[in-house]
Amino acid sequence: MPMKFLIPLLLVSGAAAADDAALLRCRTIADATARLGCYDALVVSAGSIGAAKAAAGASSVAQPSSVQQTPKQTPSQFGLEEKIASKREIDAIESSIPGSFEGWRAKSNIRLANGQVWQISDDSSRAHYIDNPTVRIRRGALGSFYLEIQGTNISPRVKRLQ
């Protein structure tokens, strides 16, 4: 092994041994909160990252950047991902349709009790007479949403308007 690769490897191994000792120290803490604080306090030095990349033959050293927390999604934002830059976390919401519900047809709008308005976006239609049905809107694949209505086994595809 050429000497130019040996020195960075020795530097990395020394930093790794120090990191291992710190990890082992954190493992011995019984209190979960204190243990998490110990792990959070561990710092990966930019020098050890640079040495590891140099040993691997990387041409440039990327400095660690600060991690930005994305705000959590609220139920009122569900279905508006394109308009609101927030992290997707909610897989479904539940509400009801106030009053008498007679079914749906393509492009019809459905107003939920929580104030949201959803439009049927597929070509399905169904007559279904029920008062104040409970509904669930769940997330599907590739950004789609499906409306599950109490008493039916058909879930039309919907998109949120409001």
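Look a little higher up for the structure.
Numbering of residues begins from 1 in every chain and follows the order in which that chain's sequence is written. Only residues with pLDDT of 70 or above have their local features reported here, since the model is predicted, and side-chain atom pairs are shown and tallied only from 80 upward, although totals for entire chains, interfaces and linings are computed over all residues. Neither water nor hydrogens contribute to the side-chain values; these are computed over all heavy atoms in the structure.

Trainee: Looking at this structure, I do not really get the environment of Ile97. What am I missing?
Mentor: Relative to the assigned elements, Ile97 resides in the loop between strand E1 (92-96) and strand E2 (100-104). A sequence separation of 37 residues divides Ile97 from Thr134, and the C-alpha atoms of the two residues are 6.6 Å apart. Whether two residues are in contact is decided by their heavy atoms, any of which lying within 4.5 Å being enough. Among all residues touching Ile97, those that are not within four sequence positions of it are Ile110, Arg111, Leu112, Asn132, Pro133 and Val135. In this text, helices come from DSSP runs of H or I with a minimum length of four residues, and strands from runs of E with a minimum of two, each type numbered from the N-terminal end.

Trainee: What is the right way to read the packing of aromatic side chains from this model?
Mentor: Each aromatic ring pair is summarised here by two numbers: the centre-to-centre distance and the angle between the ring planes. Two rings belonging to Phe, Tyr or Trp (six-membered ring only in the last case) form a pair when the distance between their centres is within 6.5 Å. Interplanar angles under 30 degrees mark stacking, angles over 60 mark edge-to-face geometry, and anything in between is tilted. Taken as a whole, this structure holds one aromatic pair when the rule is applied. Residues Trp118 and Phe145 carry aromatic rings whose centres are separated by 5.5 Å and whose planes lie at 65° to one another, so their mutual orientation is edge-to-face. With Trp118 in strand E4 (residues 117-120) and Phe145 in strand E7 (residues 145-149), this residue pair connects regions lying 27 residues apart in the sequence. Taken individually, Trp118 and Phe145 each receive the classification buried, so the pair is uniform in this respect. When accessible area is computed with a 1.4 Å probe and restricted to protein chains, residues below 20% of their type maximum are described as buried, those above 50% as exposed, and intermediate ones as partly exposed.

Trainee: Would you mind showing me how to read the pairing of strand E6 (residues 134-139) here?
Mentor: Sheet faces and side chains relate simply in a regular strand, where the side chains alternate between the two faces. Only one face of E6 is covered, namely the one carrying Val135, Ile137 and Arg139; the face carrying Thr134, Arg136 and Arg138 has none of its residues buried. Of the strand pairs in this sheet, E1 and E6 are connected by five bridges, and their pairing is antiparallel. Its bridge partner lying in E6, Glu94 is registered against Arg136. Criterion used throughout: strands pair if DSSP finds at least two bridges between them. Judged from the five bridges that link them, E6 and E7 form a sheet pairing that is antiparallel. By the bridge assignment, Ile137 is partnered in E7 with Leu147. The turn joining E6 and E7, which pair antiparallel and follow one another in sequence, is formed by five residues; a positive phi near 55° is taken by Leu142.

Trainee: For this particular structure, what's the right way to read unusual backbone geometry?
Mentor: Its identity is not glycine, yet Lys107 carries a phi of approximately 70°, on the positive side. A residue is classified by how much of its surface remains accessible, and Lys107, at 53% relative accessible area, is exposed. Located in the positive-phi region is Asn132, a residue other than glycine, with phi close to 50°. In this fold, Asn132 is placed in the loop between strand E5 (126-131) and E6. Here Asn132 falls in the partly exposed class, since its relative accessible area comes to 45%.

Trainee: What should I look at first to understand the nonpolar core in this one?
Mentor: Nonpolar side chains in soluble globular proteins tend to be buried together. Nonpolar core, defined: a set of buried Ala, Val, Leu, Ile, Met, Phe, Trp, Tyr and Cys residues in which side-chain atoms within 4.5 Å join the residues together. Grouped together as the largest cluster of nonpolar side chains are 17 residues, with contacts concentrated most on Ile110, Ile137 and Leu147. A per-element tally of this core places E7 first, with three residues.

Trainee: Can you help me understand the environment of Thr134 in this one?
Mentor: For Thr134, the location among the structural elements is in strand E6. Residue classification places Thr134 among the partly exposed residues on the basis of a relative accessible area of 42%. Expressed as a C-alpha distance, the spacing of Thr134 and Leu112, which sit 22 residues apart in the sequence, is 9.5 Å. Apart from the residues lying within four places of it in its own chain, the contact partners of Thr134 are Ser95, Ser96, Glu148, Ile149 and Gln150.

Trainee: Is there a simple way to explain the sheet that holds E4 in this structure?
Mentor: Two strands in a sheet stick together by hydrogen bonds in their backbones, pointing the same way (parallel) or opposite ways (antiparallel). If you trace the six strands from one edge of the open sheet to the other, you get E1-E6-E7-E8-E4-E3, paired in antiparallel fashion. Taken across any chain shown, the strands that pair with only one partner, and hence form the sheet edges, are E1 and strand E3 (109-111). Taking the axes of each pair of neighbouring strands and ignoring which way they run, one obtains an average angle of 35° across the sheet. Helix axes use the C-alpha atoms of the stretch in contact, all axes being lines fitted to C-alpha atoms, and the angles between their N-to-C directions lie in the range 0 to 180 degrees.

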